[in-house]
Amino acid sequence: MGCVVVQLGQGGNQMASAFFNALASLSHPATASQDFFRDSSTGEHIARAVLIDMEPKVVAAAMKRPCGSPLSNPGSWSYSQNRQVICDSGSGNNWARGFYVHGPRCQDSILDTVRLEVEECDRFGGFVTMQSMGGGTGSGLGTYISEALRDEYPSTCILSNCIWPHESGEVIVQSYNVLLTLSYLESLADGIVILQNEGLTSICKKLLGIQRPSFDHMNEVAAESLVSVLLPAFWRPVEATLSPQKENTHRLTHPIIQTGNNKPNNSGKFVASSHIHLLSDLVSVLCAHPAYRLLSLRFTPQVPPQSLDFTTFTWGAHMKQLRHMLTMGAWGDTDINWSAALSTIASSTSKVSNQPGLRPTNRSVANLLILRGNGSQHADVNTFAHESLYPIWSVDPLNVAVNETKLGNYEMAAGLLSNCQSTVMPASRVLPRAYGMYSARAYLHQYFEHGMDNSSFDAAFATVEDIVARYLAL
Amino acid sequence: MPREIITLQCGQCGNQIGCRFWDLALREHASHNTNATFDHALSSFFRNVDTRHSPPLEIPTGTGNSPIRSLKARAVLIDMEEGVIKQLISGHLGDLFDTKQYITGNSGSGNNWAQGHEVYGPEYADDILEKIRKQVELCDSLQSFVMLHSLGGGTGSGVGSYIVELLHDAYPQVYQFSTSIFPSVDDDVVTSPYNSQKENTRGKHSIAKGKVKGDKPFDSMNGIAANLLLHLTSSMRFEGSLNVDLNEITTNLVPYPKLHFLVSSMAPHSAFSHAGSAAQQHRAINQLFTEVFMRDNQLIKVDPTRSTYLACALLMRGNGCTISDLHQNVARIKHRLTMVSLPHATKSFRGSLLCGT
């Protein structure tokens, strides 16, 4: 059992630290997730991670975590000291520098370090990479390393978590970096989870009541959502069928069926045959079609921690909220038009772009819903089974997994990983901007200096246009 | 592990700014590093040597925990007359430099660019390159050269520009930042307009500063220039939530190879009294953003609202500032600036955050 987290660049390293923190604090205290932690000889939890950056400061800060025995200090964990790969010079926010200069130079030491960590896994499940797309290291070097990992481990799964920068701009050349990264990763990774800074900021501001969210806040929100889908869970058969009008109703079930009487016992040990296997199960249900690999992540509830004790949760409310978030392509429930009922939304067969004035349905290739908490076994998920959400050719688009153990302090929580159209919206907005810069030849000399030329940019633009068109045609 | 910057001070003005710069750098590090260890941040500008030996023994940075013995600046000082450098060496900063780090001539350049560039440049070229090479060899991973000079005089402009060309050929991979002091309208040097024109800007980037307030003493003006340099490199030396290196500044602010002149501004110029409540602090931060785009805060005599921007980088230092402040204020201020009418330029802001110093 084990997945290795590869942290790339400043964004990746900061988010991964938050991810491990969330894992340690939200999972059952006695059994830290064996998928992401291993036990050292002294009983500490060591994160299965490799930290990579082209400048030393961020990794140094991450390494300085206070260690402690998890018995005395539950939720404590640390990084292993010899799993860091750092250089001195930084990538200068330049994708070409990260890809063509640092990539080949650091490839060997990175692959060696990764191999050391992989060898520590009993049954290796795959790589979870974390990177930002706007900078230089995360995007450029990250892409190069993903390619190297794909070559070195051709049959393992790679789940890339990519941070999409604020659209109002954190880095001036982010349009280029983002498109170049996406164009490569699309064929390298098995699944790409797009985490948008815009969305995280708006969740922090509107739902969690944080007026001026910092990167730490945003990372915590993203980490919580990720943890909700990556902690252990069981498969559950979905009794719902598609909408009754259809002639050939087919049962939405998953090949690994867990029947109702295989409940987990309270100590957290799970029945092996019905466990979700990270990452292969995730990837095979969500990204079975090679042309559709972009995923978006939604989580509920999002309430300020001080209101948690005073909020009552029901599964019905959670399902409704998630369902509407999905339909609207929103991240939080403030952007939702509650009056848009399913039947009034554009009919499922027409293309999204032909409906001016109507907010189109966010259609998905597949959805994975993970429910955690009391009663998750029997929660009603029929609302996700509506046919307008999925294209006609999608087989088994809805998959549900449950875990009776609650997540942290949330009595009931639900995470939704969807392979849906909302993932390409940011890309479709970035394309015109990037074209503008490209046609003005702005900043291109910085990229050409390192071995790129016009054809690489043209190819990248074409690939991303392709991806966007494919998703919009769902 | 550390990334070093070598400072080249050329001419009277360059050396005087350098004097203030090293003073401020030492103070900054002293307030940040309270247990006197030679950490990575210090090694950007300084070396740690043991002066009990002769020649002084270099102490490598290692893990960044070794105690400070004696600090030497990573710098080369050049002037064609002895007065200013001698004053620097005999002052309280004299220990920062050893004899191998400075080059002095005898007769000065007579405020003549040609004298500096055509005569002294070639004459001292080997010596200069040798001394710089020695400094470079003492670096683990050199990030950039910073040239401090004025454009109005003879040595600073003439010899300075010659050196920039030399370095461009000798060290093509290393970035060069040039902090150039523009002469003011009522300058005391008669030939300064010629000298500034001739300044060959082969250097990669120059941050031009004019003498904004003519009747203030030179010392505080030099202090402003020195502060600017410290702020620019602070993200490289200290931790932050969104770091910006010198090469990132280059990538983001130089859209075309020839358009590599940057204008800088700072806010606040005077000491910032720590605001009380969170709301006050929030307003104070917003005020900073407004100020930094005002005409009086620019380090060159231009009016930002009347100029056209290609790109802009905002570096924030200090506690209590978050990325959302940056975004909110950028959205607010963008409307007041004329951005170049290219589709991309409306989003051309680069932000960086540095907390804790």
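- Looking at an unreviewed UniProt entry, one finds chain B named Tubulin/FtsZ GTPase domain-containing protein and attributed to Sphagnum troendelagicum.
- Here is the UniProt Sequence similarities (unreviewed entry) comment for chain B, exactly as written: "Belongs to the tubulin family."

- An unreviewed UniProt entry annotates chain A as Tubulin delta chain originating from Sphagnum troendelagicum.
- Taken from UniProt, the Function (unreviewed entry) comment for chain A reads in full: "Acts as a positive regulator of hedgehog signaling and regulates ciliary function."

### Quick look at the overall build of chain A
Now for step 1: Helix and strand counts for chain A come out as twelve helices and 13 strands.
Now for step 2: Across the 474 residues that make up chain A, the buried fraction comes to 64%.
Now for step 3: For chain A, long-range pairs separated by at least 24 residues make up 80% of all intrachain contacts whose partners lie at least 6 apart in sequence.
Now for step 4: Accessible surface for chain A amounts to roughly 17100 Å². Of this, 52% is attributable to carbon and sulfur atoms.

### Considerations on the packing of helix 3 (residues 113–137) of chain B against helix 4 (residues 155–170) of chain B
Residues and elements named next belong to chain B.
Now for step 1: Viewed as axis vectors pointing N to C, helix 3 and helix 4 meet at an angle of 45°, and their least axial separation amounts to 8 Å. Viewed along their axes, helix 3 and helix 4 adopt a mutual orientation that is oblique. The interaxial crossing formed by helix 3 with helix 4 has right-handed handedness. Taken together, the residues of helix 4 that come into contact with helix 3 (itself represented by Trp113, Gly116, His117, Tyr120, Gly121, Pro122, Ala125, Ile128, Leu129 and Ile132) are Ser157, Gly158, Val159, Ser161, Tyr162, Ile163, Glu165, Leu166, Leu167 and Ala170.

### Things to note about the nonpolar core
Now for step 1: Core analysis: the largest hydrophobic core is formed by 102 residues, its most contacted members being Phe19, Phe20, Phe36, Tyr79 and Leu371 of chain A.
Now for step 2: For this core, the two domains that each supply at least three residues are domain 1 (2–189) and domain 2 (234–422) of chain A.
Now for step 3: If you look at the next biggest cluster of nonpolar residues, it comprises 100 residues, including Val173 and Ala189 of chain A together with Val244 and Ile249 of chain B.

### Brief notes about the packing of aromatic side chains
Residue and element names in this part refer to chain A.
Now for step 1: Applying the stated rule across the entire model yields 33 aromatic pairs over all chains.
Now for step 2: Between Trp95 and Tyr184, the aromatic rings sit 5.3 Å apart at their centres with planes inclined by 40°, giving tilted as the arrangement. Linking Trp95 in helix 3 (residues 95–119) with Tyr184 in helix 5 (residues 174–188), this pair joins segments that are 89 residues apart in sequence.
Now for step 3: Classification of Trp95 by relative accessible area gives buried; the value is 0%.
Now for step 4: Under the relative-accessibility criterion, Tyr184 is labelled partly exposed at 26%.
Now for step 5: Note on Phe99 and Tyr184: the rings are 5.1 Å apart at their centroids and 50° apart in plane angle, and the pair reads as tilted. Of the two residues, Phe99 is situated in helix 3 and Tyr184 in helix 5; the sequence distance between them amounts to 85 residues.
Now for step 6: Aromatic rings pair up to connect Tyr176, Tyr435, Tyr438, Tyr447, Phe448, Phe457 and Phe461 into one cluster.

### Regarding the environment of Ser78 of chain A
All names here are of chain A.
Now for step 1: Examined against the element boundaries, Ser78 turns out to sit in the loop between helix 2 (56–63) and strand 5 (84–86).
Now for step 2: A residue is classified by how much of its surface remains accessible, and Ser78, at 4% relative accessible area, is buried.
Now for step 3: A sequence separation of 354 residues divides Ser78 from Pro432, and the C-alpha atoms of the two residues are 43 Å apart.

### Here's the deal with the sheet that holds strand 6 (residues 124–132) of chain A
All names here are of chain A.
Now for step 1: A sheet is described by the order of its strands in space; here eleven strands give the open sequence 5-4-1-6-7-8-10-13-11-12-9, paired in mixed fashion. Pairing within the sheet leaves two strands with one partner each, and these edge strands are strand 5 and strand 9 (234–236). Averaged over neighbouring strand pairs, the angle between their axes works out to 20° when direction is ignored.
Now for step 2: Running at roughly 160° to strand 6, helix 4 (residues 137–152) makes contact with strand 1 (2–8), strand 4 (49–53), strand 6 and strand 7 (158–164) of the sheet.

### Side note on the layout of surface pockets
Residue and element names in this part refer to chain A.
Now for step 1: Here the second largest pocket is characterised by a volume of approximately 1100 Å³.
Now for step 2: Along the walls of the second largest pocket sit 43 residues, with Ala18, Asp216, His217, Asn219 and Glu220 positioned nearest its centre.
Now for step 3: For the lining of the second largest pocket, the secondary structure elements donating two or more residues are helix 1 (9–26), helix 2 and helix 7 (215–230).
Now for step 4: In terms of residue count, helix 1 provides more of the lining of the second largest pocket than any other element does, eight residues in total.
Now for step 5: Looking at the lining of the second largest pocket residue by residue, the classes come out as 19 nonpolar, 16 polar and eight charged.
Now for step 6: Two domains each donate at least three residues to the lining of the second largest pocket, and these are domain 1 (2–189) and domain 2 (234–422).

### Some remarks on the packing of helix 5 of chain A against helix 10 (residues 425–439) of chain A
Residue and element names in this part refer to chain A.
Now for step 1: Their axes nearest at 9 Å, the elements helix 5 and helix 10 cross at an angle of 120°. By the angle between their axes, helix 5 is oblique relative to helix 10. Between helix 5 and helix 10 lies a crossing whose hand is left-handed. The segment helix 5 lies against helix 10, with Ser175, Tyr176, Val178, Leu179 and Leu182 engaging Ala427, Val430, Leu431, Arg433, Ala434, Met437 and Tyr438.
Now for step 2: Its residues assigned to classes, the contact of helix 5 with helix 10 shows ten nonpolar, one polar and one charged.

### A short note on the interface of chain B and chain A
Now for step 1: Contacts between chain B and chain A engage 48 residues on the former and 41 residues on the latter.
Now for step 2: Where chain B touches chain A, the interface holds one salt bridge.
Now for step 3: For Asp325 of chain B, the salt bridge is made with Arg212 of chain A, and the minimal N-O distance between the two is 2.7 Å.
Now for step 4: Counting across the interface, chain B meets chain A through 13 residue pairs in polar contact (both at pLDDT 80 or more).
Now for step 5: Elements with a minimum of two residues in the side of chain B that touches chain A: helix 6 (218–237), helix 7 (246–253), helix 8 (278–292), helix 9 (323–333) and strand 14 (349–354) of chain B.
Now for step 6: At six residues, the largest contribution of residues to the side of chain B that touches chain A is made by helix 7 of chain B.
Now for step 7: Grouping the amino acids of the side of chain B that touches chain A by side-chain chemistry returns 21 nonpolar, 19 polar and eight charged.

### A word on the sheet that holds strand 3 (residues 57–59) of chain B
Residues and elements named next belong to chain B.
Now for step 1: Judged by pairing direction, the sheet is antiparallel, and its three strands sit side by side in the order 3-2-4 without closing on themselves. The open sheet has two free edges, formed respectively by strand 3 and strand 4 (70–73), since each of these has just one partner strand. Strand-to-strand twist across the sheet, computed as the mean angle between neighbouring axes with direction ignored, equals 50°.
Now for step 2: Strand direction decides the pairing type here: strand 2 (residues 46–50) and strand 4, joined by four bridges, are antiparallel. Within strand 4, the residue paired with Asn48 across the bridge is Leu71.
Now for step 3: The strands touched by helix 1 (residues 11–32) are strand 2 and strand 4; relative to strand 2, the strand with the most contacts, the crossing angle is about 80°.

### What about the pairing of strand 7 (residues 142–150) of chain B?
Residues and elements named next belong to chain B.
Now for step 1: When you tally the buried positions in strand 7, you get nine out of nine residues, the bulk of the element.
Now for step 2: Note: strand 1 (residues 4–10) against strand 7, six bridges, orientation parallel. Considered in strand 7, the bridge of Ile5 is made with Ser144.
Now for step 3: In terms of strand pairing, strand 7 meets strand 8 (residues 175–182) through seven bridges, oriented parallel. Looking at strand 8, one finds that His149 is bridged to Ser180.
Now for step 4: A crossover links strand 7 with its parallel partner strand 8, the connecting element being helix 4, and its sense is right-handed.

Conventions adopted
Note that residues are indexed from 1 along each chain, following the sequence as it is written. Throughout, the order in which chains and ligands are written sets their labels, letters from A for the former and numbers from 1 for the latter. At least 70 in pLDDT is required for a residue's local features to be given in this predicted model, at least 80 for side-chain atom pairs to be given and counted, and no such filter applies to totals for whole chains, interfaces and linings, which use all residues. Only hydrogens and water are set aside; all other atoms, that is, all heavy atoms of the structure, feed into the side-chain values. UniProt positions are given in the numbering used here, feature names are shortened, and annotations may be inferred rather than shown by experiment. Working definition: helices are DSSP H or I runs of at least four residues, strands are E runs of at least two. Numbering for both runs from the N terminus. Relative accessibility thresholds used throughout: buried, under 20% of the residue-type maximum; exposed, over 50%; partly exposed, between the two (1.4 Å probe, protein chains only). Contacts are residue-level and defined by heavy atoms, with any inter-residue pair within 4.5 Å sufficient. Throughout, the Shrake-Rupley method with a 1.4 Å probe supplies accessible areas, and for residues the shown protein chains are the sole cover considered. Axis angles are defined between N-to-C directions and span 0 to 180 degrees, where every axis is a line fitted to C-alpha atoms and, for a helix, only to the segment in contact. Throughout this description, any angle smaller than 35 degrees is read as roughly parallel, any larger than 145 degrees as roughly antiparallel, any in the 65 to 115 degree range as roughly perpendicular, and the remainder as oblique. Here a crossing is taken to be left-handed if its near helix is turned anticlockwise relative to the far helix by less than a right angle, and right-handed if that turn runs clockwise. Residues belong to one nonpolar core when they are buried, are Ala, Val, Leu, Ile, Met, Phe, Trp, Tyr or Cys, and are joined through side-chain atoms within 4.5 Å. Each domain span listed reflects an automatic or database assignment of domains. Stacked, tilted and edge-to-face are the three classes applied to pairs of Phe, Tyr and Trp rings, where Trp contributes its six-membered ring and a pair requires centres within 6.5 Å; stacked means planes under 30 degrees apart, edge-to-face means over 60, and tilted covers the rest. A pair of strands is considered paired only if DSSP assigns at least 2 bridges between the two. Here a cavity denotes a set of grid points, spaced 1 Å apart and computed over the protein atoms alone, in which a 1.4 Å probe fits but from which it cannot get out, and a pocket denotes an open set meeting protein on both sides within 12 Å along at least five of seven lines; residues with an atom within 4 Å of a point are reported as lining. Grid points are joined across faces, edges and corners, and a volume is the space filled by probe spheres set on the points. The nonpolar class holds Ala, Val, Leu, Ile, Met, Phe, Trp, Tyr, Cys and Pro. Asp, Glu, Lys and Arg form the charged class, and all remaining residues, Gly among them, are polar. A side-chain nitrogen of Lys or Arg and a carboxyl oxygen of Asp or Glu constitute a salt bridge if their distance falls within 4 Å. Each polar contact in these results corresponds to two N or O atoms within 3.5 Å; when the atoms are within protein, one needs to be able to donate a hydrogen and the other to accept it, and residues that are neighboring in sequence are counted only if both atoms are side-chain atoms. Looking down the strands as they point away from you, a crossover is right-handed if its path from the first strand over the helix to the second goes clockwise.

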